[in-house]
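# Summary of the model geometry
Residues per chain are reported as follows:
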Amino acid sequence: MWELIQANKRKSTILVIAMGILFILVGYVFGSFYNPESGGIVGVVIAIILWGILYVVTYSSGSKILLAVSGAKEVTKDVHPQLYNVVEEMKIASGNPNMPKVYIIDSAAPNAFATGIKPDNTAIAVTAGLLGTLNRDELQGVIAHEMSHIVNRDIQFMTVSGIMLGVIVLISQVFMRSLWFGGGGRYSKSSKDSGQAQLIFLVIAIVFAILAPIAAQLLYFAISRKREYLADASAVRFTRYPEGLAGALEKISGSTAELKTANKVTAPMYIANPLKKKGAKLQDLTSTHPPISERIRILRSIAHSADFNSYQQAFNQVKGKEQKIIPATELKESETLNIRDASGLPLAGLTRKQQKRDVGDLIMKVNDYSFINCPCNVRIKIPPDFKGNTVVCPRCGRKHTI
């Protein structure tokens, strides 16, 4: 995996530098609009200062910001032991020495992502909908995919670039909004020259305000798709069961539930694009993710072995052409891994109805609800803002002290 990790680091560095140059150009153009004589230099200086602050904030709190924006809440092993067990299994299978923190997002839309700057401080977040929809093999496939992003050092790039993209989008939106309030430059030249300069820089600045976020998104897009294929290939190696991830992707793509906390900045971090749009072909072309139907076909075309060579062969078969997704040395060193049989187990050995009910209870636990199990088999759920000292069972009338 060494060459794969090094290749990811090189591409991440190139991408971050490219986004940094774009960030500085945005500062220069916007500064020049407000003051053509010296505003460009001032804009560059401000952009560099913001760049430094951004890096400090990103490396110290980037993951926390993305998790908070996504509405994710950390859970302990006591809250959902089987989810923890699956994460631990994939940690061991991947050879990752560090256990990621586990988060749950209160959303019915099935999805998941990983984040983190340092290898020893990472996190995997899954939605309640994912836990209520998938069986154990499918959940294992999703966690393996996210663990792959951690082991392959993808999440450092994804976290840093996500924050940068967000700032570029924010600056562009602030500039566009400022135009509505008569924002403009101060000029010392003649009124004719001033009018020409203002018009030129206004046009350039508006073009940059529109195109800069798109360019940043395309830079992000340029590498993100390949990373998803690599994570799928690695997940197959970790689980030795391609159908687990394929089945999970099929259920995720088939869901009509909306992940309301997702946005253009956080969307590329998820295992499947959470921003559902009309027109699947257009979405496939503009998404940072490969077409999910294609990923499923590749996984289901894998035969006999769960190694990198088998994934590469399946990839070429589905694509209909030779295209290197996995470094040559990794293919040479790839060992034969027998595909295991399906376990067929739902989460925690529950029926689908029980599984969904337990997910509802899980979300209440995450939101600080407390529970009382009445002898009559009713589970009383008490919200965190409940002020009383006792509660009465609605079925048998027993009074319980809180």
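Residues numbered from 1 in each chain as written. Predicted model: local features only at pLDDT ≥ 70, side-chain atom pairs only at ≥ 80, totals over all residues. Heavy atoms only, no water.

On a plain count of helices and strands, the chain comes out with 13 helices and 8 strands. Every one of the 402 residues in the chain was classed for burial, and the buried ones make up 49%. About 19700 Å² of surface is accessible on the chain, with carbon and sulfur atoms providing 58% of the total. (Helix = DSSP H or I, 4+ residues; strand = E, 2+ residues; numbered from the N terminus. Buried < 20%, exposed > 50% of the residue type's maximum accessible area, 1.4 Å probe, protein only. Areas by Shrake-Rupley, 256 points an atom, 1.4 Å probe, with all protein chains shown as cover.)

What follows is about the pairing of strand 5 (residues 370-373). Two faces, one strand: in a regular strand the side chains alternate between the faces of the sheet. With 4 bridges joining them, strand 5 and strand 6 (residues 379-382) adopt antiparallel strand pairing. By the bridge assignment for strand 6, Asn 373 is matched with Arg 379. Here strand 5 hands over to strand 6 after 5 residues, with Asn 377 in that stretch at a positive phi of 75°. (Pairing = 2+ DSSP bridges.)

Let's shift gears to helix 8 (residues 242-254). With 13 residues, helix 8 ought to run about 18 Å at 1.5 Å a step, and its terminal C-alpha atoms sit 18 Å apart, in line with that. Restricting attention to buried positions, one finds in helix 8 the residues Pro 242, Gly 244, Leu 245, Ala 246, Gly 247, Ala 248, Leu 249 and Ile 252. (Expected span 1.5 Å × (residues − 1).)

What follows is about the packing of aromatic side chains. What the rule picks out here adds up to 2 aromatic pairs. Between Phe 113 and Tyr 270 the ring centres are 4.9 Å apart and the planes differ by 70°, which places this aromatic pair in the edge-to-face class. Here Phe 113 is found in strand 3 (residues 112-118), whereas its partner Tyr 270 is found in the loop between helix 8 and helix 9 (280-286), with 157 residues between them in sequence. Here the two residues Phe 113 and Tyr 270 agree in accessibility, since each one is buried. For the cation-ring pair, Arg 237 lies above Phe 308, with the distance from its terminal atom to the ring centre recorded as 4.7 Å. Sitting above the plane of the Phe 371 ring, Arg 379 keeps its charged end 4.4 Å from the centroid. (Phe/Tyr/Trp six-rings, centres within 6.5 Å; stacked < 30°, edge-to-face > 60°. Lys NZ or Arg CZ within 6 Å of the ring centre and 35° of its normal.)

Over the atoms rolls a probe the size of a water molecule, and its path tells where empty space is left. According to the stated counting rule, one finds 2 cavities of 30 Å³ or more in the structure shown. What the largest cavity holds in volume is close to 50 Å³. Taken together, Gly 116, Ile 117, Lys 118, Pro 119, Thr 122, Ile 150, Arg 153, Ile 155 and Gln 156 make up the lining of the largest cavity. Residue assignment for the lining of the largest cavity shows that the elements contributing at least two residues are strand 3 and helix 6 (154-179). When residues of the lining of the largest cavity are assigned to their parent elements, the largest contribution, 3 residues, is made by strand 3. (1 Å grid on protein atoms, 1.4 Å probe; cavity = no way out; pocket = protein on both sides within 12 Å on 5 of 7 lines; lining within 4 Å. Points joined across faces, edges and corners; volume = space filled by probe spheres on them.)

It is worth spelling out the sheet that holds strand 3 at this point. Taking strand neighbours across the sheet as the criterion, the 4 strands line up as 1-2-4-3 in an open arrangement whose pairing is mixed. The open sheet has two free edges, formed respectively by strand 1 (72-74) and strand 3, since each of these has just one partner strand. If you compare each strand with its neighbour and ignore which way they point, the axes differ by 30° on average. Bridging between strand 3 and strand 4 (residues 121-127) involves 6 bridges; their strand directions are antiparallel. Opposite Lys 118, over in strand 4, you have Asn 121 as the bridge partner. (Axes fitted to C-alpha atoms, helices over the stretch in contact; angles between N-to-C directions.)

Residues Leu 83, Val 126, Ile 143 and Tyr 311 are the most contacted members of the largest nonpolar core, which totals 90 residues. If we skip the residues at most four places from it in the chain, Val 126 touches Leu 83, Tyr 103, Ile 104, Ile 105, Asn 111, Ala 112, Leu 131 and Ile 143. Core analysis: the second largest hydrophobic core is formed by 8 residues, Cys 374, Cys 376, Val 378 and Val 391 among them. (Core = buried A, V, L, I, M, F, W, Y, C linked by side-chain atoms within 4.5 Å. Contact = heavy atoms within 4.5 Å.)

All right, on to the pairing of strand 3 then. Within strand 3, 6 of the 7 residues are buried, which leaves the element mostly enclosed by the surrounding structure. Counting the residues in the hairpin turn of strand 3 and strand 4 gives 2 residues.

On the surface, a cluster of nonpolar side chains totalling about 920 Å² of accessible area is made up of Tyr 28, Ile 41, Val 42, Val 45, Ile 46, Ile 49, Leu 50, Ile 53, Val 57, Ile 65 and Val 69. At 10 residues, helix 2 (residues 39-69) tops the list of elements feeding residues into the nonpolar patch. Residue Val 57 is classed as partly exposed on the basis of its relative accessible area of 34%. (Patch = residues over 30% accessible without salt bridge, like charges linked within 9 Å, V, L, I, M, F, W, Y side chains within 5 Å. Salt bridge = Lys/Arg side-chain N within 4 Å of Asp/Glu carboxyl O.)

With that settled, consider unusual backbone geometry. One non-glycine residue with positive phi stands out, namely Arg 153, at about 65°. Backbone geometry places Arg 240, a non-glycine residue, at a positive phi of 60°. Mapping Arg 240 onto the fold places it in the loop between helix 7 (191-239) and helix 8. Given the relative accessible area of 38%, Arg 240 is considered partly exposed.

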